[in-house]
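# Chains, contacts and geometry: an overview
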Amino acid sequence: MKIYNLKKMILPLVAITLVWGCESLLDEKVKTFFTEDTFYQTEEDARLAINGIYGHLGATFDGALNANGIYFTNYWTVNALASDEGVTSLNLGDGFNQISVMAHGPDNAIVLQMWSNIYLGINAANLAILNIPNIDMNDDIKDALLGEAHFMRGLLYFELVRFFGEVPLQLEPTTTFESSAYLPRSTKADVYTQIFLDFTIAETSLPDAQVGVDNGRPTSYSAKAYIAKAALQQGGSENYQLAKTKLEEIGIQSGGQFDLWDDFGDVFLIPNNNGKEVLFAISFFEGSEVFSTLWEGGHLVFRTLPSVYGGRPNAGGREQPTLNLYNAFDDNDRRKEVTFMTEDIINGETIDFGGPRVVKYWDQVNEFDVNGTANDLQLIRYADVLLMYAEALNEINNGSTQPALDAINRVRARSRMDAGALPDLTAMGYEDFKDAILLERRKEFVWEGQRWFDLVRYGKLAEKVNSAKPGLPVAEPKHNLFPIPQRERDLNPNLDQNTGY
């Protein structure tokens, strides 16, 4: 069920969500249909305010109609290119090329888009959190909507702190550029404290399941999964115990509300969007007559497919996986067959792609249009819950235990194409099991916006990138964070720079 076909409702809201630190919005010629004094009066207004947050997740546009948005392209493409997953195929001289060869700096345009769009979403969440409590409406509905706003703010701060480290903790909506809005960077510990607070509010306020037109919105289980993910990312004994608790509350045994599809290929079928394996996903536009440029889901497909399939000018074949990634798969691993293609029969002729291409999001059973695919970006699915559980138990017990082995082996068994492939893992020590979990995550979550975060968390970024892309100037701790955009530092004198930039 698509929940983000909301842009006709969202566009008026954008006019009242000017964000701190994004000066370009002052230049946009957007008519103000609502003000804070005339909006936030009814339950419908409250729902529109929540929908306004989602408007920053997919494709948003600047004055030149360039598509940005938090999860539109940058999120998962940057994660691939800044890690050992991918490289750019076309030398377009843009910010993605710089990231692919670890040459990105404070002036990188993609880094600025990431920073600015995340804060746009945070500001929209802040507006909802501030104003919805004052609306006269059903208290249960109000609590659920506020839980959704807190979930989104926690999610966006989690993305922000993982990309940039210490960041300004803006918890009040900003509609002006007075100097009081220019906050210094808060410590990572303070940011994580707020993240856990927001997710905990969401966990206690959101329903256990969303139905009907709301299917796809976050649930209490979405919040539990993100509490666990944030706890693992931050680390420490208390956080590992917290992650274990929340993952067990989601359910580790099969047959519950969430479970694995029997076939890895079923995970990315369009009819299975928001299905039993998804705890939270970004639902994309497939395009429409009104918003024909919002080929959001198509970006998951045509950016990595060769241009022989057609597509937008200079778009097809922008990125491709590293051979190091492709060769990490056993030929009898079902995930290799689903994730990659090296050739295809097009118009009766076998076309060699000259290397592997990522095709996991292209549902060729239900939809053949490369540009108009309606597939979603699944941010947390049940396989992640199982692998996070194995990771948490390894940290707690300093080595594998049977419950941890059972969790990772369920993921492996799903991709086993014959009896000899992907045998069950057996008892091993802490470091060996940690490496095994990282390898399993690599093969399970190709191009899903996970790899760079995983390598940073495991302290393996330089090692793995240098192995896949020899000769790059990758360094730790520098490349464990992205630079604070110079344009933001020019606007806000209270922002210092990350080490190495």
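Now for a description of the structure that goes with this document. (Residues numbered from 1 in each chain as written. Predicted model: local features only at pLDDT ≥ 70, side-chain atom pairs only at ≥ 80, totals over all residues. Heavy atoms only, no water.)

### Some words on the overall build of the protein
Across its full length, the protein carries 18 helices and six strands. By the burial criterion, 61% of the 501 residues in the protein qualify as buried. Counting contacts in the protein only where the partners sit at least 6 residues apart, residues at least 24 apart contribute 70% of the total. Split by element, the accessible area of the protein, about 19100 Å² in all, is 49% carbon and sulfur. (Helix = DSSP H or I, 4+ residues; strand = E, 2+ residues; numbered from the N terminus. Buried < 20%, exposed > 50% of the residue type's maximum accessible area, 1.4 Å probe, protein only. Contact = heavy atoms within 4.5 Å. Areas by Shrake-Rupley, 256 points an atom, 1.4 Å probe, with all protein chains shown as cover.)

### Describing the nonpolar core
Grouped together as the largest cluster of nonpolar side chains are 136 residues, with contacts concentrated most on Tyr71, Phe151, Phe163 and Leu377. When residues in this core are grouped by element, the largest group, 13 residues, is from helix α6 (residues 139-164). Look past the residues within four positions of Leu377 in its chain and what remains in contact with it is Tyr71, Tyr75, Trp76, Ala281, Ile282, Phe284, Leu300 and Tyr361. (Core = buried A, V, L, I, M, F, W, Y, C linked by side-chain atoms within 4.5 Å.)

### Some details on a negative patch on the surface
On the surface, Asp136, Asp139, Asp140 and Asp143 cluster together into a patch of negative charge. Within the secondary structure, Asp140 sits in helix α6. Residue classification places Asp140 among the exposed positions, given a relative accessible area of 60%. (Patch = residues over 30% accessible without salt bridge, like charges linked within 9 Å, V, L, I, M, F, W, Y side chains within 5 Å. Salt bridge = Lys/Arg side-chain N within 4 Å of Asp/Glu carboxyl O. Lys, Arg positive; Asp, Glu negative; His and termini not counted. Charge placed at Lys NZ, Arg CZ, Asp CG, Glu CD.)

### Considering the pairing of strand β5 (residues 349-358)
The pairing of strand β4 (residues 340-346) with β5 spans six bridges and is classified as antiparallel. What sits directly across from Phe340, in β5, is Val358. If you look at the hairpin formed by β4 and β5, you'll find two residues sitting between the two strands, and Asn347 has a positive phi there, around 55 degrees. (Pairing = 2+ DSSP bridges.)

### What to know about the side chain of Glu277
Note on placement: Glu277 falls in the loop between α9 (237-250) and β2 (278-282). With a relative accessible area of 0%, Glu277 lands in the buried category. Within the local environment of Glu277, its side chain forms a polar contact with the side chain of Arg381, the two groups lying 2.9 Å apart. (Polar contact = N/O pair within 3.5 Å; in protein donor to acceptor, adjacent residues only side chain to side chain.)

### Quick word on the environment of Met341
Here Met341 shows up in strand β4. Met341 sits 36 residues away from Leu305 along the chain, and the two C-alpha atoms are 8.9 Å apart. Discounting chain neighbours no more than four positions away, the residues touching Met341 are Tyr309, Phe353, Gly355, Pro356, Arg357, Val359 and Gln364.

### Points about helix α3 (residues 74-81)
The buried fraction of α3 is high, at eight of eight residues. Residues Asn74, Tyr75, Trp76, Thr77, Val78, Asn79, Ala80 and Leu81 constitute the buried set of α3.

### Regarding the pattern of salt bridges
Counted according to the given criterion, the structure contains 39 salt bridges. Between Glu277 and Arg381 there is a salt bridge; the shortest N-O distance is 2.9 Å. Note that Glu277 is positioned in the loop between α9 and β2 and Arg381 in strand β6 (residues 377-381), a separation of 104 residues in sequence. Judged by its relative accessible area of 1%, Arg381 falls in the buried class. Connected through salt bridges with shared partners, the residues Glu277, Asp333, Arg335, Lys360, Arg381, Arg412, Arg414, Glu440, Glu444 and Glu448 form a single ionic network.

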